[in-house]
Amino acid sequence: MTILPFRTDADVSAAIAPVREHLDRGGLLAYPTETVYGLGSRPLDGDVRRLVDLKGRQPGKPFLLLVPDRRTAHAMGLVFTPAAQALADRFWPGPLTLVLSGGDALPAMLRGPEQGIAVRWTSHRGTAALLTGLGSAITSTSANRPGGPTAPGVGALTTTFDEAVQDGTLLILDGGVLGNVPSSTIVNCMAPNERPRVIR
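Residues numbered from 1 in each chain as written. Predicted model: local features only at pLDDT ≥ 70, side-chain atom pairs only at ≥ 80, totals over all residues. Heavy atoms only, no water.

Peer 1: So what's going on with the overall build of the protein chain? Which residues, and what values?
Peer 2: For the protein chain, the count of helices and strands is seven helices and eleven strands. Rg of the C-alpha trace for the protein chain: 16 Å, near the compact-globule value of 16 Å for 200 residues, within the 12% margin. Seen through its principal axes, the protein chain has C-alpha atoms that stretch 50 × 35 × 30 Å. Evaluated residue by residue, the protein chain yields a buried proportion of 52% over its 200 residues. Sequence-distant contacts in the protein chain: of pairs separated by 6 or more residues, those separated by 24 or more amount to 69%. (Helix = DSSP H or I, 4+ residues; strand = E, 2+ residues; numbered from the N terminus. Rg over C-alpha atoms; globule rule 2.2 N^0.38 Å. Buried < 20%, exposed > 50% of the residue type's maximum accessible area, 1.4 Å probe, protein only. Contact = heavy atoms within 4.5 Å.)

Peer 1: Describe in detail the pattern of salt bridges, supporting the description with residues and values.
Peer 2: What the rule picks out here adds up to eight salt bridges. We note a salt bridge from D9 to R125, for which the minimum N-O separation is 3.0 Å. Taken together, the residues span a long stretch of sequence, with D9 in helix α1 (residues 9-24) and R125 in helix α5 (residues 125-134) at a distance of 116 residues. For D9, a relative accessible area of 47% corresponds to the partly exposed category. R125 gets classed as exposed once you look at its relative accessible area, which sits at 62%. R197 is the partner of E114 in a salt bridge, and the nearest nitrogen-oxygen pair spans 2.5 Å. (Salt bridge = Lys/Arg side-chain N within 4 Å of Asp/Glu carboxyl O.)

Peer 1: Tell me about the packing of aromatic side chains, and name the residues and values.
Peer 2: As enumerated under the stated definition, the model contains one aromatic pair in all. Ring geometry for F80 and W92: centres 5.9 Å apart, planes at 85°, overall edge-to-face. Of the two residues, F80 is situated in the loop between β5 (78-79) and α4 (82-91) and W92 in the loop between α4 and β6 (96-102); the sequence distance between them amounts to twelve residues. Comparing F80 with W92, the two get one shared label, buried. Between the NZ or CZ atom of R70 and the centre of the ring of F80, over which it lies, the distance is 5.9 Å. (Phe/Tyr/Trp six-rings, centres within 6.5 Å; stacked < 30°, edge-to-face > 60°. Lys NZ or Arg CZ within 6 Å of the ring centre and 35° of its normal.)

Peer 1: Quick one: what's the story with unusual backbone geometry, residue by residue and with numbers?
Peer 2: The amide bond that connects W92 to the next residue, P93, takes the cis arrangement and shows omega of -10°. Here P93 lies in the loop between α4 and β6. Of note in the backbone geometry, Q115 takes a positive phi value of approximately 70° without being a glycine. Looking at the secondary structure, you find Q115 in the loop between β6 and β7 (117-121).

Peer 1: Describe the side chain of D47, and please don't skip the residues or the numbers.
Peer 2: Within the secondary structure, D47 sits in helix α2 (residues 45-55). The buried category is assigned to D47, whose relative accessible area is 3%. When residues no more than four places from it in sequence are discounted, the contact partners of D47 are L23, G26, L28, S41 and R42.

Given below as structure tokens:
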């Protein structure tokens, strides 16, 4: 099964076990967020490399992390400056990505040019519940080829990533067609004594 329904609470609950098994085998995941469909993996070197290959992304462009809660981000060693804490208090869960320092055990491919890790607590009800059920973070990047349009639904996902869907590498969570919502805002909060800087 390479496409799972992901629209109701029952769908989400039923998806947790197969998604965990798929990720544990090093598989990749396509899933809805509050902005666009994302592609993700476990935050492990080999899995992130497979995600890079699937997307066809140039080396040096990092992916972000989706977390089920702020506690998970802290447990991964990510450092919340006072500004990051204030922004998270106000806008998480939601379409705000914070670039944080720390996370020394995370793959280097997740780090941006300033060596930060981008992290977001998603407000998409289903994906948030999935992450809570998994009890872990997953990586995230928009579900498209570099420079191409983001996939609004399963039809575009299966067309763009047909080979990976057919061979079982990519498991798709079908959350329906998403609206034309902008990508998340990204704010660099790494420097404890400087004002946060909007990147996007």
